[in-house]
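# Tertiary structure, described
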Amino acid sequence: MGMMTKTKLNEWLNESTRLLAEHSELASLEARVILCHLLEKPREWLVTHPEFELDDHQIVKANQLIGRLQTGEPLPYLIGKQAFFGLDFKVTPDVLIPRPETELLIEECIRWLEDHPSRRKLADIGTGSGAIAVTLADRFEDLIVTAIDISEQALDVARQNAKLLNVDSQIEFIQNNLLDNITYRFDVIAANLPYIPSDKLKTLSVTRYEPLLALDGGCDGLVIIKQLLQQAREHLNPAGMIILEIEEGQSESGQKLVDTLMPGAAKSILNDLANHPRILKIMV
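Below or above, wherever it landed, is the structure these notes cover. (Residues numbered from 1 in each chain as written. Predicted model: local features only at pLDDT ≥ 70, side-chain atom pairs only at ≥ 80, totals over all residues. Heavy atoms only, no water.)

### Remarks on the overall build of the protein
Broken down by element type, the protein carries 11 helices and 9 strands. In terms of overall size, the protein behaves like a compact globule, its C-alpha atoms giving a radius of gyration of 21 Å where 284 residues would be expected to give roughly 19 Å. If you line up the protein on its principal axes, its C-alpha atoms span 70 × 40 × 30 Å. Here the protein holds 284 residues, and the buried ones make up 50% of them. (Helix = DSSP H or I, 4+ residues; strand = E, 2+ residues; numbered from the N terminus. Rg over C-alpha atoms; globule rule 2.2 N^0.38 Å. Buried < 20%, exposed > 50% of the residue type's maximum accessible area, 1.4 Å probe, protein only.)

So this is what it looks like as structure tokens:
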């Protein structure tokens, strides 16, 4: 994107929206988010100050970010944050960007925790940015959370989010491979683990910027989920819940895995807003 000579806020927005329109259906919104980030102003301010003039330094920085958006770099990485379940989470390329699909898992955990007010020990396996752990700790001030990730860099981001949202006293962060050598038992084990089959991953643009470690679920996408399920029963308190995010094509294979590894456990699939299978819920 070349240097612009136009400096009024509304003119920059119009031109940037035009440039982004080929790459995004949310071009206008993304251009506004970029400007809010750079100017440290709320979106409402942009509406009421269309004649505000951007200086050369601001224009150069804003144009650079628009150029990176045009190449496919995710907006949350550019501005360093992503909204999730009404909260703002810090994100870096060390963690997956929290997505709306995971909010379904959060909603189901909230229902279960509200129905079981004396059950307050939860594990978030593969915590990443801490979206699940932090959101639920924010919702339930008596919740005790163990957040586990194999990536120390991801845990660092999660710790920052817990501190920013004032729930760090409720969460213990552990660098670990799933539940290996963990001695605790939990009422709820929640996990958004890598679940995309390796071959399919090669065809997806998400791998250009987001961490492969958090995406690659092995040959059938269930390799890591299977490892967790093999460990989970001995870490779950009686009448507890295991809840996992899965890929839409794993409804049948995921349930068969439960039947094999946890005979007799009650299982169900929850669909997302697009009516795709998204959540595997197991009651033991």
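### Some words on the environment of I106
Tracing the backbone shows I106 in helix α6 (residues 100–115). Judged by its relative accessible area of 0%, I106 falls in the buried class. It is 8.4 Å that separates the C-alpha atoms of I106 and F85, two residues lying 21 residues apart in sequence. Ignoring any residue separated from it by four or fewer positions in sequence, one finds I106 in contact with F84, F85, A131, I132, T135 and L136. (Contact = heavy atoms within 4.5 Å.)

### Here's the deal with helix α7 (residues 131–139)
In terms of burial, α7 is largely enclosed, as 7 of its 9 residues are buried. All of the buried residues in α7 are A131, I132, A133, V134, T135, L136 and A137.

### Here we look at the pairing of strand β5 (residues 171–175)
Across 5 bridges, the pairing between strand β4 (residues 144–149) and β5 is parallel. Its bridge partner being in β5, I148 is matched across the sheet by I174. Handedness of the β-α-β unit built from β4, helix α8 (residues 152–164) and β5 comes out right-handed. (Pairing = 2+ DSSP bridges. Right-handed = clockwise from strand over helix to strand, strands pointing away.)

### Things to note about the pattern of salt bridges
By the definition in use, this model includes 15 salt bridges. Ionic pairing is found between E51 and K8, a salt bridge with its closest N-O pair at 3.1 Å. Of the two residues, E51 is situated in the loop between α3 (43–48) and α4 (56–70) and K8 in the segment before α1 (9–20); the sequence distance between them amounts to 43 residues. A relative accessible area of 28% means that K8 is categorised as partly exposed. A salt bridge links K202 to D199; the nearest nitrogen and oxygen atoms lie 3.4 Å apart. On the basis of relative accessible area, D199 is assigned to the exposed category, the value being 57%. (Salt bridge = Lys/Arg side-chain N within 4 Å of Asp/Glu carboxyl O.)

### Some points on the environment of K267
Mapped onto the elements of the fold, K267 is located in strand β8 (residues 266–271). Taking the C-alpha atoms as reference points, K267 and R185, 82 residues apart in sequence, are found 20 Å from one another. Every residue in contact with K267, bar those within four places of it in the chain, is listed here: Q255, V258, D259, K281 and I282. At 3.0 Å, the side chain of K267 and the side chain of D259 are in polar contact. (Polar contact = N/O pair within 3.5 Å; in protein donor to acceptor, adjacent residues only side chain to side chain.)

### With respect to the pairing of strand β1 (residues 81–84)
Summarising the sheet, β1 and strand β2 (residues 87–90) pair through 4 bridges and their orientation is antiparallel. Across the sheet, residue Q82 finds its bridge partner in β2, namely F89. Counting the residues between successive antiparallel strands, the hairpin from β1 to β2 contains 2 residues, one of them, F85, with a positive phi of roughly 50°.

### Some thoughts on the packing of α1 against helix α2 (residues 27–39)
Packing of α1 against α2 brings their axes to within 8 Å, and their N-to-C directions diverge by 135°. Relative to α2, the element α1 lies oblique. Of the two elements, α1 crosses α2, and the hand of that crossing is right-handed. Along the contact surface, α1 presents L9, W12, L13, S16, T17 and L20, while α2 presents A27, S28, E30, A31, R32, I34, L35 and L39. Each residue belonging to the contact of α1 with α2 can be placed in one class, and the counts come to 9 nonpolar, 3 polar and 2 charged. (Axes fitted to C-alpha atoms, helices over the stretch in contact; angles between N-to-C directions. Parallel < 35°, antiparallel > 145°, perpendicular 65-115°, else oblique. Left-handed = near helix turned anticlockwise from the far one by under 90°. Nonpolar A, V, L, I, M, F, W, Y, C, P; charged D, E, K, R; others polar.)

### Points about the sheet that holds strand β3 (residues 121–125)
With respect to topology, 7 strands assemble into an open sheet ordered β5-β4-β3-β6-β7-β9-β8, the strand pairing being mixed. The open sheet has two free edges, formed respectively by β5 and β8, since each of these has just one partner strand. Taken over all neighbouring pairs, the strand axes of this sheet differ in orientation by 15° on average, direction set aside. In this sheet, β4 lies alongside β3 in parallel orientation, the contact comprising 5 bridges. What sits directly across from D124, in β4, is A147.

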